[in-house]
Amino acid sequence: MKITYYGQSCFLFEIGKNRVLFDPFISPNELASSINVDDVKADYILLSHGHQDHVHDAERIAKNNGSTIIANFEIAQWYGAKGLENLHPMNTGGKVTLPFGTVKMVNAIHSSSLPDGSYGGSAAGFVVETEDQTFYFAGDTALTYDMKLIPEQFDVDFALLPIGDNFTMDIHDAMIAADFVQVDKVIGMHFDTFPYIQIDREEVQEMAKMADKELILMEIGQTIEL
Ligand code: NI
Ligand code: MN
């Protein structure tokens with residue numbers, strides 16, 4: 001599968017013919033000024049929670065592409081009230097099988113309100129099991145023992161974990177999370193966008209090396225194949 005990074009926690013996965021976008025926050029992100037939101041193509045948009053830095057461009061991209069938004073019930077309802085029709089509501093613990101694979105909504109320890117202050121349901125992560133590989137997109141979360149449930153049900157190939165600290169796990173907790181999920185390969189996210197979550201790349205790579213993990217820090221606009 002091909003993975004393109006658009007900054008913060010926004011990734012586009014190309015899985016077979018399906019384009020699956022996570023947590024689009026592009027147009028307000030100064031670090032992502034090279035990306036034109038209207039060029040972003042998505043069949044599905046998965047939203048981990050309601051915070052601005054995860055949903056800002058979801059409506060625009062969904063309208064441009066006719067994408068289906070997959071999110072918790074409250075967030076799906078909020079987009080429904082805006083007139084969007086391609087919505088798939090879920091809640092923590094549930095799963096759905098889609099053309100690109102099976103998506104399970106798993107627990108995240110975080111808050112969730114929508115940009116206008118509306119209730120945003122519970123924050124979540126996703127485990128996506130495709131024909132090819134299985135990955136865990138943690139969303140914004142603290143380290144939690146709930147992550148240990150994931151490898152009991154899935155053979156996870158790699159995980160996307162927040163590493164920016166302050167609002168989520170830092171690199172130390174993310175490396176423990178990688179152990180809980182039983183992965184050796186981690187794509188870092190939720191760093192550098194704001195002063196609160198600035199990281200030192202050398203330092204986090206050193207931590208990953210000490211934890212015996214491969215930490216991938218993608219450049220914005222970069223595409224990799226995993
Ligand atoms: Ni958040
Ligand atoms: Mn966030």
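Residues numbered from 1 in each chain as written. Chains lettered and ligands numbered in written order. Predicted model: local features only at pLDDT ≥ 70, side-chain atom pairs only at ≥ 80, totals over all residues. Heavy atoms only, no water.

## Regarding the coordination of the manganese ion (ligand 2)
Protein coordination at the manganese ion (ligand 2): the donors are Asp53 (OD), His54 (NE2), Asp140 (OD) and His190 (NE2), at 2.1 to 2.2 Å from the metal. Separation of the manganese ion (ligand 2) from the nickel ion (ligand 1) amounts to 3.0 Å, with Asp140 serving as a shared donor to the pair. Here Asp140, found in the loop between strand 10 (134–137) and helix 4 (150–153), pairs with His190, found in the loop between strand 12 (185–189) and helix 6 (201–210); they are 50 residues apart in sequence, far enough to count as distant. His190 shares its class with Asp140; the two are buried. (Donors = N, O, S within 2.8 Å, 3.2 Å for Na, K, Ca; no water. Helix = DSSP H or I, 4+ residues; strand = E, 2+ residues; numbered from the N terminus. Buried < 20%, exposed > 50% of the residue type's maximum accessible area, 1.4 Å probe, protein only.)

## A short note on the packing of aromatic side chains
In this description, a pair of aromatic rings is defined by centroid distance and the angle of the planes. Going through the model one piece at a time under the given rule, you end up with 13 aromatic pairs. With a centroid separation of 5.1 Å and an interplanar angle of 80°, the aromatic rings of Trp78 and Tyr79 are classed as edge-to-face. Since its relative accessible area comes to 15%, Trp78 is described here as buried. An aromatic cluster of three or more residues is present, and its members are Phe13, Phe22, Phe126, Phe135, Phe137 and Phe158. Residue placement shows Lys82 over the ring face of Trp78; its charged tip is 4.5 Å from the ring centre. (Phe/Tyr/Trp six-rings, centres within 6.5 Å; stacked < 30°, edge-to-face > 60°. Lys NZ or Arg CZ within 6 Å of the ring centre and 35° of its normal.)

## Observations regarding the pattern of salt bridges
Oppositely charged side chains can form a pair if their charged atoms are brought close together. Here the structure, examined in full by the defined rule, presents 7 salt bridges. Of the charged contacts in the structure, one is a salt bridge between Asp179 and Lys213, with a shortest N-O distance of 2.7 Å. Here Asp179 is found in helix 5 (residues 171–181), whereas its partner Lys213 is found in the loop between helix 6 and strand 13 (214–216), with 34 residues between them in sequence. Taking the relative accessible area as the measure of exposure, Lys213 reaches 11% and is therefore buried. A salt bridge links Asp184 to Lys213, with the shortest nitrogen-to-oxygen separation between them at 3.8 Å. Taken together, the residues span a long stretch of sequence, with Asp184 in the loop between helix 5 and strand 12 and Lys213 in the loop between helix 6 and strand 13 at a distance of 29 residues. Under the relative-accessibility criterion, Asp184 is labelled exposed at 55%. By sharing partners, the salt bridges in this structure join Glu59, Lys63 and Lys82 into a single network. (Salt bridge = Lys/Arg side-chain N within 4 Å of Asp/Glu carboxyl O.)

## Describing helix 5
Three- or four-residue spacings in an α-helix give side chains the same orientation, since the helix completes a turn every 3.6 residues. Within helix 5 the residues assigned to the buried category are Ile171, Ala174, Met175, Ala177, Ala178, Phe180 and Val181. Contacts from the buried residues of helix 5 go to strand 10, helix 4, strand 11 (158–162), strand 12, helix 6 and strand 13. Of the residues that open helix 5, the one with a side-chain oxygen 3.2 Å from the backbone nitrogen of His172 is Asp170. The positive-phi residue at the C-terminal boundary of helix 5 is Gln182, with phi of around 65°. (Contact = heavy atoms within 4.5 Å. Polar contact = N/O pair within 3.5 Å; in protein donor to acceptor, adjacent residues only side chain to side chain.)

## A look at the coordination of the nickel ion (ligand 1)
Around the nickel ion (ligand 1), the protein contributes the donor atoms His49 (NE2), His51 (ND1), His110 (NE2) and Asp140 (OD), which lie 2.2 to 2.3 Å from the metal centre. With 4 donor atoms in place around the nickel ion (ligand 1) and angles of 87 to 177° between them, the coordination shape is irregular. Taking relative accessible area as the criterion, His49 reaches 0% and is therefore assigned buried. (Tetrahedral: all angles 85-135°; square planar, octahedral: opposite > 155°, others 65-115°.)

## Quick word on the side chain of Asn72
Mapping Asn72 onto the fold places it in strand 5 (residues 68–72). There is a polar contact of 3.1 Å between the side chain of Asn72 and the backbone nitrogen of Glu74. Not counting residues within four places of it along the chain, the set of residues in contact with Asn72 comprises Met90, Met105, Ser112, Gly120, Gly121 and Ser122.

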